[in-house]
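Each chain, written out:
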Amino acid sequence: SASAGIRASGELAELARKVLPRAAYEFYAAGSDEEISVGEAAAAWRGRRLLPRVLRDVSSVETDVDLLGTRLASPVLAGPTAFHRMAHDEGETATAAGVAAAGSLLVLSSRATRHPEDVAAVAGPWWYQVYWLRDAEITRRQVDRAVAAGARALVLTVDAPYVPPRATSGLPLPLPEDDELCRSVGIGTRLPGWEQDPSLGLDAIGRLHRMSGLPVLVKGVLRADDARACVAAGAAGLIVSNHGGRQLDRAVSSADALPAVAAAVGTEVPVLVDGGIRTGTDVLVALALGARAVLLGRPVVWSLALGGAVGVTTLLDSYRAQLATSMALAGCARLADIDGELLYGGP
Ligand code: FNR
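Residues numbered from 1 in each chain as written. Predicted model: local features only at pLDDT ≥ 70, side-chain atom pairs only at ≥ 80, totals over all residues.

Student: Break down the overall build of the chain for me, citing the residues and quoting the values.
Tutor: Within the chain, the secondary structure is distributed over twelve helices and ten strands. Here the C-alpha radius of gyration of the chain, 19 Å, is about what a compact globule of 347 residues would show, namely 20 Å. Considering only C-alpha atoms, the chain reaches an extent of 60 × 45 × 40 Å along its principal axes. Here the chain holds 347 residues, and the buried ones make up 52% of them. Sequence separation of 24 or more characterises 72% of the internal contacts of the chain that already satisfy a separation of 6 or more. (Helix = DSSP H or I, 4+ residues; strand = E, 2+ residues; numbered from the N terminus. Rg over C-alpha atoms; globule rule 2.2 N^0.38 Å. Buried ≥ 20, exposed ≤ 12 C-beta atoms within 10 Å, placed from the backbone. Contact = placed C-beta atoms within 7 Å.)

Here you go:
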């Protein structure tokens, strides 16, 4: 089953590698440049040690969480990743159905290969990820469409003013050629106007909020000063991320960046985190370091490739089950019981 993959970091990827076309696997797996950051992400979580509490009543453990007014069964979300029809024929609709069945939330990529209305029809709660493009009219149309389809929040990705070289750059992606949307997103990034706007500044947060009427989370923050500036500019939440090691290579691991960002923001807005989270115990560590919730990138894609919607549900259920077990063993009956003092050496 897809869940077997989370027993050990890398196992799920290995299974998916066997079922995916090589170019698709390489595209999903790749980091940028020398692939230093992508290689370090999981180890940064696994390097932390816990100080479990004993003799707390852990006869019932709750993993449910409130995020911007939405109640979720688990603090493990599906993050935005591009081109799901390269992993599975149904693409993002299968992902969305699988996430909904697990009681979690999907962040739909603006480089999705299914239309937002089709995804919304089978999704539970979902947010829409935005790249602010050089042609702001394209961005506005994408945002309007996501709002009309029922997105509950926007996630503005800010760590990608340019796309750096990756091992697979320039290779043709094995997207379905008979599908107009796939053709357009596949070549979209090479069309004038479709590249991310590198002139973007802090005011984009407020502009996007006014354009949509939705809360705007900022994804790709690694520094305390940027975190404070984004919150002051109106961010409704932050996602600590180095984009799965696909943007600035040698950017610090999100596990190492998270404590300072969480300390800078306090409880003003939720701080989420992604990158290299491969087990439910990694989730426990992330919450102890100050995250309200985590997002999974590649594991969702691998599970989609292996088992479609059911694979995605199995994956998220496994993370939740393992998080609950680890919480109980650490003496935490609720997410609110998880704090920095659970970490050996402190957050
Ligand atoms: C991504 N990521 C990403 N982020 C984003 O904001 N918009 C996007 O369209 C994409 N697309 C994308 C495609 C692929 C194949 C990957 C691997 C990643 C980054 C993603 O949201 C997330 O930050 C990382 O994937 C998290 O790291 P892990 O869980 O993959 O290690």
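Student: Which residues make up the site of the ligand, and what are the values?
Tutor: In the vicinity of the ligand there are 22 residues, among which Ser109, Thr157, Gly244, Gly297 and Arg298 approach most closely. Split by residue class, the shell around the ligand holds six nonpolar, eleven polar and five charged. (Near = placed C-beta within 6 Å. Nonpolar A, V, L, I, M, F, W, Y, C, P; charged D, E, K, R; others polar.)

Student: Can you tell me about the confidence of the model for the chain, naming the residues and giving the values?
Tutor: Confidence along the chain averages 95 in pLDDT terms, with 97% of residues attaining 70 or more. Here residues 1-7 is a poorly scored stretch, pLDDT under 50, and it has 21 contacts once near neighbours within four places are set aside; other chains count. Taken together, the chains of this predicted complex give a pTM of 0.97 and an interface ipTM of 0.99. (pLDDT = per-residue confidence, 0-100.)

Student: Tell me about the packing of helix H11 (residues 280-288) against helix H12 (residues 298-330), and please be specific about residues and values.
Tutor: For the pair H11 and H12, interaxial distance at closest approach is 7 Å and the crossing angle is 60 degrees. Considering their axes alone, H11 and H12 lie oblique with respect to each other. Crossing handedness for the pair H11 and H12: right-handed. Of the residues in H12, those touching H11 at Gly280, Thr281, Val283 and Leu284 are Tyr319, Ala321, Gln322, Leu323, Ser326, Met327 and Ala330. For the contact of H11 with H12, the per-class residue count stands at seven nonpolar, four polar and no charged. (Axes fitted to C-alpha atoms, helices over the stretch in contact; angles between N-to-C directions. Parallel < 35°, antiparallel > 145°, perpendicular 65-115°, else oblique. Left-handed = near helix turned anticlockwise from the far one by under 90°.)

Student: Go over helix H9 (residues 224-232), please, and point to the residues and values.
Tutor: When H9 is considered as a whole, its buried residues turn out to be Ala227, Cys230 and Val231. One face of H9 carries all of its buried residues, which in axial projection span an arc of 95 degrees. When the buried face of H9 is taken as reference, the exposed residues oriented beyond 90 degrees from it are Asp225 and Ala232. On its buried face, H9 is in contact with helix H8 (203-212), strand E7 (216-221), strand E8 (237-240) and helix H10 (254-265). Gly234 sits one or two residues past H9 and shows a positive phi near 110 degrees. (Arc of directions from axis to C-beta.)

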